[in-house]
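# A closer look at the structure
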Amino acid sequence: MKGLILAGGRGTRLRPITHTGPKQLVPVANKPVIEYAIEDLREAGITDIGLVLGNKGRETIQETLGDGGSLDVDITYIIQGNPLGLSHAVGCARDFVDGDDFVVYLGDNILKQGIDELVDGFRERDVAAGIALQPVEHPEQFGVADVDESGMITRLVEKPDEPPSDLALIGIYVFSPAVFDVIEDLDPSWRGELEITDAIQSLLEYGHDIDSHVVEGWWKDTGKPEDILEANRLVLDDQTSSTDGTVEVGAEIRGDVDLDESSVIRNGAVVRGPASIGPDSEIGPGTYVGPYTSVGSETTIHGAHLENSVIIGNAEISTDEKIIDSLIGRGVAIGSADGLLPDGHRLVIGEHSDVKL
Ligand code: G1P
């Protein structure tokens, strides 16, 4: 069985972060989102992985993941070009899949439990596809499935006005190669995309059986900044601390804190877990890093009070202000305006930034 991670989207809901980098590399608990998908595939015994990329940020993804060797997988890059829908992305991988069964995993999704049960269920039954489902509060925002008592799918519909159930497709699917033939005959949906949901509905109409698996444990689509913060909270909640870095006398650590061996918490700083501090970073005197915060690599913080935030990395923060619920991009500098006249916030903010003062 092969794996296919779809990473071709533009990430418009994560602007301005995605103006300068692909959303799949945004870190959650100091690990790029896409690595969670790679790890889940590897855990399920799938190491031959195709990564479908669009035009956006594709060199950066290739430079970061390389041939997959550092993650013990073998990555083949497949170029989708313009994102014309998930079925289009899957269709681009026909040569790579080469007649095997394969798992499709949306590259910006994170799942607590992994995909073993979904993959095992598909292997045990004679079906054309197996799809992962989870009950959601707003099914109209997702692909939605109708399922019979034995777990077989009876109908699928993408973002329906009147959902037939509350079971959303969570973006993880197992397919037999039969799906490629129906993808060739698909028409674009109302949003102009070749939908994966429509491809599976077509398989049903051709008489194929489709299995489902309801995923226990949390699942998060990291499309928006608040989703990144929530995924960060969920992952940090599950971590166990490994405080390998330097904690100076007079610094205070409470709770689970993952501190990289090359980082330092200075005398007079307080870090309260769950929190993660990446490589080559310094938490300076007077700083408070509160629960559910991930500080990326090469970041220096002096004096700030941080909580429930993700700092992607290479940031310089020296202010006494409180920074909460924030997603802070790479290379950001946040300083103090103390003593400057006239009084007020001084901002250099790019297009699509979102600031609350
Ligand atoms: C896509 C799929 C949808 C699925 C969702 C899961 O939606 O089309 O069926 O429920 O991913 O995240 P999109 O994120 O493209 O709106």
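See the structure printed just above.
Figured I'd write up the structure that's included with this text. (Residues numbered from 1 in each chain as written. Predicted model: local features only at pLDDT ≥ 70, side-chain atom pairs only at ≥ 80, totals over all residues. Heavy atoms only, no water.)

When its secondary structure is counted, the protein shows eight helices and 29 strands. By the compact-globule yardstick of 21 Å for 357 residues, the protein fits well, its C-alpha radius of gyration being 22 Å. In terms of overall dimensions, the protein has C-alpha extents of about 70 × 40 × 35 Å along its principal axes. Sequence separation of 24 or more characterises 51% of the internal contacts of the protein that already satisfy a separation of 6 or more. Total accessible area on the protein is roughly 16300 Å²; 43% of this is exposed by carbon and sulfur atoms. One finds the centroid of the 26 positive side-chain charges in the protein at a distance of 5 Å from the centroid of its 65 negative side-chain charges. (Helix = DSSP H or I, 4+ residues; strand = E, 2+ residues; numbered from the N terminus. Rg over C-alpha atoms; globule rule 2.2 N^0.38 Å. Contact = heavy atoms within 4.5 Å. Areas by Shrake-Rupley, 256 points an atom, 1.4 Å probe, with all protein chains shown as cover. Lys, Arg positive; Asp, Glu negative; His and termini not counted. Charge placed at Lys NZ, Arg CZ, Asp CG, Glu CD.)

Another point: the site of the ligand. Near the ligand, the surroundings consist of L86, L106, F142, G143, E158, K159, L169, R191, E195, T197, W219 and D221. Measuring from an oxygen atom of the ligand, one finds a side-chain N or O atom of K159 at 2.6 Å. T197 has a polar side-chain atom sitting 3.3 Å from an oxygen atom of the ligand. If the ligand stood free it would expose 380 Å²; the protein chains cover 85% of that surface. For the shell around the ligand, a count of residues per class yields five nonpolar, two polar and five charged. (Near = heavy atom within 4 Å. Polar contact = N/O pair within 3.5 Å; in protein donor to acceptor, adjacent residues only side chain to side chain. Nonpolar A, V, L, I, M, F, W, Y, C, P; charged D, E, K, R; others polar.)

Take the sheet that holds strand 23 (residues 300-302) next. The pairing of strands in a sheet happens through backbone hydrogen bonds and is either parallel or antiparallel. Strands sit in the order 14-17-20-23-26-29 across an open sheet of six strands; the sheet is parallel. Edge strands, defined here as strands with exactly one partner in the open sheet, are strand 14 (246-247) and strand 29 (333-334). As paired strands, strand 17 (residues 264-265) and strand 20 (residues 282-283) are joined by two bridges and run parallel to one another. Note that in strand 20 the partner of V264 across the bridge is E282. (Pairing = 2+ DSSP bridges.)

What follows concerns the pattern of salt bridges. Counted according to the given criterion, the structure contains 19 salt bridges. The shortest N-O distance in the salt bridge between D227 and K220 comes to 3.6 Å. Judged on exposure class, the residue D227 and its partner K220 are both buried. Where K220 meets E230, a salt bridge forms, and the shortest distance between an N and an O atom there is 3.2 Å. (Salt bridge = Lys/Arg side-chain N within 4 Å of Asp/Glu carboxyl O. Buried < 20%, exposed > 50% of the residue type's maximum accessible area, 1.4 Å probe, protein only.)

Attention now moves to a nonpolar patch on the surface. The grouping of L347, I349, V355 and L357 at the surface amounts to a nonpolar patch, some 390 Å² of accessible area in total. Here I349 lies in the segment after strand 29. A relative accessible area of 41% places I349 in the partly exposed class. (Patch = residues over 30% accessible without salt bridge, like charges linked within 9 Å, V, L, I, M, F, W, Y side chains within 5 Å.)

In this section: the sheet that holds strand 15 (residues 252-254). Pairing is parallel in the open sheet, where five strands are placed in the order 15-18-21-24-27. A single partner strand is all that each edge strand has here, and the edge strands are strand 15 and strand 27 (322-324).

On the surface, a cluster of negative charge is made up of D116, E117, D120, E124 and E216. Positionally, D116 belongs in helix 5 (residues 116-124).

Here we come to the pairing of strand 11 (residues 167-175). Within strand 11, nine of the nine residues are buried, leaving the element largely enclosed by the surrounding structure. Relative to strand 11, strand 6 (residues 102-106) runs antiparallel, the two sharing four bridges. Paired with V104 across the strands is Y173, a residue of strand 11. Two elements, strand 8 (residues 129-135) and strand 11, share six bridges in a ladder whose sense is antiparallel. Opposite Q134, over in strand 11, you have A168 as the bridge partner.

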